[in-house]
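# Architecture and fold: a report
Each chain, letter by letter, is given below.
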Amino acid sequence: IGFIVVFIETLIGVILGGLAGYFGKWVDNLIMRIVDIFYCIPSLPLIIILGSAMDAMKVEPQTRMFYLMMILGFLGWPAITRLVRGQILSLREQEFMTATEACGIRVSRRIFKHLIPNVIPQLIVTCTMSLGSTIIMEATLSFLGIGVKFPFASWGNIITDVNDAYVMTHYWFVWIPAGIC
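Right, let's walk through the structure included here.

What counts and what doesn't
- Residues numbered from 1 in each chain as written.
- Predicted model: local features only at pLDDT ≥ 70, side-chain atom pairs only at ≥ 80, totals over all residues.
- Heavy atoms only, no water.
- Axes fitted to C-alpha atoms, helices over the stretch in contact; angles between N-to-C directions.
- Helix = DSSP H or I, 4+ residues; strand = E, 2+ residues; numbered from the N terminus.
- Parallel < 35°, antiparallel > 145°, perpendicular 65-115°, else oblique.
- Contact = heavy atoms within 4.5 Å.
- Nonpolar A, V, L, I, M, F, W, Y, C, P; charged D, E, K, R; others polar.
- Phe/Tyr/Trp six-rings, centres within 6.5 Å; stacked < 30°, edge-to-face > 60°.
- Buried < 20%, exposed > 50% of the residue type's maximum accessible area, 1.4 Å probe, protein only.
- Core = buried A, V, L, I, M, F, W, Y, C linked by side-chain atoms within 4.5 Å.
- Patch = residues over 30% accessible without salt bridge, like charges linked within 9 Å, V, L, I, M, F, W, Y side chains within 5 Å.
- Areas by Shrake-Rupley, 256 points an atom, 1.4 Å probe, with all protein chains shown as cover.
- Salt bridge = Lys/Arg side-chain N within 4 Å of Asp/Glu carboxyl O.

Another point: the packing of helix α6 (residues 95-103) against helix α7 (residues 107-144). Axis separation between α6 and α7 bottoms out at 11 Å; the angle between their running directions is 170°. When the axes of α6 and α7 are compared, the pair comes out roughly antiparallel. Of the residues in α7, those in contact with F96, M97, T100 and E101 of α6 are R110, H114, L115 and N118. Its residues assigned to classes, the contact of α6 with α7 shows 3 nonpolar, 3 polar and 2 charged.

Shown next as structure tokens:
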């Protein structure tokens, strides 16, 4: 779940951040207002509501996991968009960008071939940290009973399943690693 969520966040964030940073003016203003709107949405209560709705509709576990990945990925892209936008705003004034304009290179190629590769080091750090927070969010949701369901394992539902003394004493090798992580 974590890797797919981070991939979705990064894909949306790089595209929108690249467009906002390169074009500026009204495109930048529009995309940044959308980012501000997404920052105002409280993600945890929204995810809890959607998880409860999926419980009420009795969504299959595999479909539920797919929806969970889509929801988490769709709510996490604004931070990456701001990072990419900020980096591109500073990079687009460099001499190599003037050279790409003089050579007549297409705008899409300028953004994705010349600007985005210069943002990759910051993206790697941001995506790595986002991966950890996504795993913790998914484990929290599963612990609360609104994340990943039974046939699939998650740290949260492993810890939740330890609800009696027999399981706790005889199957410690199952729940202790999940609890420590």
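Attention now goes to the packing of aromatic side chains. Per the stated rule, a full pass over the model turns up 4 aromatic pairs. A centroid spacing of 5.3 Å and a plane angle of 85° characterise the contact between Y22 and F23, whose relative ring orientation is edge-to-face. Classification of Y22 by relative accessible area gives buried; the value is 12%. Judged by centre distance (5.2 Å) and plane angle (80°), the rings of F38 and F74 are edge-to-face. Residue F38 is located in helix α2 (residues 25-40), and its partner F74 is located in helix α4 (residues 61-75); the two are separated by 36 residues in the primary sequence. Of the aromatic side chains, those joined through ring pairs into one cluster are F38, F74 and W77.

Counting 20 residues, the largest nonpolar core has I47 and L68 as its most contacted members. Counting residues per element, the ones that place at least two in this core are α1 (2-23), α2, α3 (43-56) and α4. With 6 residues, the single largest contributor to this core is α4. Ignoring anything within four residues of it in the chain, the contact list for L68 reads I1, I47, E138, L141, G147 and V148.

On to the side chain of S130. Along the polypeptide, S130 turns up in helix α7. Residues in contact with S130, not counting those within four places in the same chain, are V6 and E9.

This brings us to a nonpolar patch on the surface. Side chains of Y166, Y171, W172, F173, V174, I176 and I180 sit close together on the surface and give an oily, nonpolar patch of about 760 Å² of accessible area. A per-element tally of the nonpolar patch places helix α10 (residues 172-180) first, with 5 residues. Residue placement: V174 occurs in helix α10.

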